[in-house]
Amino acid sequence: MRVLVTGGAGFLGTHLAAALVAAGDEVTVLDNLRRGNRAYVPDGARFIEGDIRDVEVLHTVTRGVQRVYHLAAQSNVLGAVADVEYSFTTNVIGTYNVLVAARDAGVERAVFSSSREAYGEVDQIPVAEDRAMNPKNAYGASKVAGEVYCRAFQGGYGLEVSVVRLANVYGAGDHGRVIPLWLGRASRGEDRELYGGEQVLDFVPVETVVAALRRASATALEGQPVNVGSGKGTTLRELAARVSALPGAIGGVRVLPARPVEVTRFVADVTRMRSLLGVEPPSDPLAGLEALWEQTRVAKRVLR
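Residues numbered from 1 in each chain as written. Predicted model: local features only at pLDDT ≥ 70, side-chain atom pairs only at ≥ 80, totals over all residues. Heavy atoms only, no water.

Draft legend 1. Fine view of the packing of aromatic side chains. All told, the structure shown has four aromatic pairs when counted by the stated rule. Arranged with centres 6.0 Å apart and planes meeting at 70 degrees, the rings of Tyr 96 and Phe 153 form a pair that is edge-to-face. Of this pair, Tyr 96 sits in helix H4 (residues 84–105) while Phe 153 sits in helix H5 (residues 138–156); the two residues are 57 residues apart in sequence, bridging distant segments of the chain. Classification of Phe 153 by relative accessible area gives buried; the value is 3%. Among the aromatic side chains, those forming a connected cluster through ring pairs are Tyr 96, Tyr 149, Phe 153 and Tyr 157. Directly above the ring of Tyr 86 sits Arg 34, whose terminal nitrogen or CZ lies 3.6 Å from the centroid. (Phe/Tyr/Trp six-rings, centres within 6.5 Å; stacked < 30°, edge-to-face > 60°. Helix = DSSP H or I, 4+ residues; strand = E, 2+ residues; numbered from the N terminus. Buried < 20%, exposed > 50% of the residue type's maximum accessible area, 1.4 Å probe, protein only. Lys NZ or Arg CZ within 6 Å of the ring centre and 35° of its normal.)

Take a look at the structure:
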């Protein structure tokens, strides 16, 4: 299978690209390296440095491709709020460009990585896919717009598009989000910064997400978006306690005022993930925490 992974040098993209290469697919990675790292692109994948806002590059890399995994985005909530223009031109216009290129190239199916941020703040959990989308911030709004264009292309141009709404993905190679930030702080003896403290979130290992993306590429979802998460809620206070209990973790927890742009409650209803994609959620969403902690400590020793 000839596949394109946009954003394939980023955290999630490199995990996906590695799995596709291992499965024998012919993988092309497109990334502008704003957050991605060329060194993490797996051997066996063809790498092209480029931006999804560049229409010419997109049409070149989609030629002859059978599947497109569209992961490239401004994927950080605070970053999207701080730079709304980049978020809009990348997440909205860039997604439109990817869909046009995929349509023109005769791609069989595209997979769009949306986000739990599309729902905004909810009054009841778990959250099923038929819940109205009411984004709370610029990042969520950009993902809603991307989904709307996906539906338009599926209905109006015959391009098969699978939409997956990702919960809080974590795993090796991530940076700038709560789990890697807190593990780093615990290794340096710095307090973990807890903004607000009432959050209930759905953490899901990157391996589960990769499995779901691959299944979404092989499944005709007929316009039905699918949540990808653990289906279990973890409070950030519980996460802080898990981090503090790791062997050798030092430092405490410092509670700071809540950041208004951040969604504080989300747990995915994973019924469709199970029934449509055949992917089972993890029994313990944070089972990978210990392995990440060891990697963090090893990296710290190497840097010394």
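Having seen it, we continue.
Draft legend 2. Layout of the packing of helix H6 (residues 178–188) against helix H8 (residues 236–244). In contact at an axis separation of 11 Å, H6 and H8 are set at 35 degrees when each is read in the N-to-C sense. Taken as a pair, H6 and H8 cross one another with a handedness that is right-handed. Each of Val 178, Ile 179, Trp 182, Leu 183 and Ala 186 in H6 lies in contact with H8, whose residues at this interface are Leu 236, Leu 239, Ala 240 and Val 243. Taken together, the residues of the contact of H6 with H8 break down into nine nonpolar, no polar and no charged. (Axes fitted to C-alpha atoms, helices over the stretch in contact; angles between N-to-C directions. Left-handed = near helix turned anticlockwise from the far one by under 90°. Contact = heavy atoms within 4.5 Å. Nonpolar A, V, L, I, M, F, W, Y, C, P; charged D, E, K, R; others polar.)

Draft legend 3. Spotlight on the nonpolar core. The biggest cluster of nonpolar side chains holds 39 residues, and the ones touching the most others in it are Leu 12, Leu 16, Val 27, Tyr 69, Val 209, Leu 213 and Leu 277. Within the residue set of this core, elements represented by two or more residues are strand E1 (2–6), helix H1 (11–22), strand E2 (26–31), strand E6 (160–166), helix H7 (206–217), strand E11 (226–228) and helix H9 (271–277). Among the elements that make up this core, the one with the highest residue count is H7 (six residues). For Leu 12, the contacting residues outside a window of four places in its chain are Leu 71, Leu 166, Val 206, Val 209, Val 210 and Leu 213. Counting 21 residues, the second-largest nonpolar core is a separate cluster that includes Leu 30, Leu 58, Leu 99 and Ala 102. (Core = buried A, V, L, I, M, F, W, Y, C linked by side-chain atoms within 4.5 Å.)

Draft legend 4. Main features of the environment of Ile 48. Positionally, Ile 48 belongs in strand E3 (residues 46–49). Its relative accessible area of 22% is what places Ile 48 among the partly exposed residues. The spatial distance from the C-alpha of Ile 48 to the C-alpha of Leu 12 is 17 Å, given a sequence separation of 36 residues. Once residues lying within four places of it in the same chain are set aside, the contact partners of Ile 48 are Thr 28, Val 29, Leu 30, Asp 31 and Val 61.

Draft legend 5. Just the sheet that holds strand E5 (residues 109–115), in detail. If you trace the seven strands from one edge of the open sheet to the other, you get E3-E2-E1-E4-E5-E6-E11, paired in parallel fashion. The sheet is open, and its two edges are formed by E3 and E11, each paired on a single side. For this sheet, the mean inter-axis angle between neighbouring strands, taken without regard to orientation, is 20 degrees. Direction of pairing for E6 relative to E11: parallel, over a ladder of three bridges. When the bridges of E11 are listed, Val 164 appears paired with Val 226. Here H4 sits on the sheet and contacts E1, strand E4 (67–70), E5 and E6; the angle it forms with E4, its principal contact strand, is near 180 degrees. (Pairing = 2+ DSSP bridges.)

Draft legend 6. Representation of H7 in the model. An ideal rise of 1.5 Å per residue puts 16 Å on twelve residues; H7 measures up with 17 Å between its terminal C-alpha atoms. Buried within H7 are the following residues: Val 206, Thr 208, Val 209, Val 210, Ala 212, Leu 213, Ala 216 and Ser 217. (Expected span 1.5 Å × (residues − 1).)

Draft legend 7. Structural view of the packing of H4 against H5. Look at H4 against H5: their axes get within 9 Å of each other, and the N-to-C directions meet at 15 degrees. In terms of orientation, H4 and H5 fall into the roughly parallel class. Between H4 and H5 lies a crossing whose hand is right-handed. Judged by residue contacts, Val 84, Ser 87, Asn 91, Val 92, Thr 95, Tyr 96, Leu 99, Val 100 and Arg 103 of H4 engage Ala 138, Tyr 139, Ser 142, Ala 145, Gly 146, Tyr 149, Cys 150 and Phe 153 from H5. (Parallel < 35°, antiparallel > 145°, perpendicular 65-115°, else oblique.)

Draft legend 8. Looking closely at the environment of Ala 216. Here Ala 216 is to be found in helix H7. Residue classification places Ala 216 among the buried positions, given a relative accessible area of 0%. With 53 residues separating them in the primary sequence, Ala 216 and Val 163 have C-alpha atoms 7.9 Å apart. Residues within four places of Ala 216 in sequence aside, it is in contact with Arg 109, Val 111, Ser 162, Val 164 and Leu 277.

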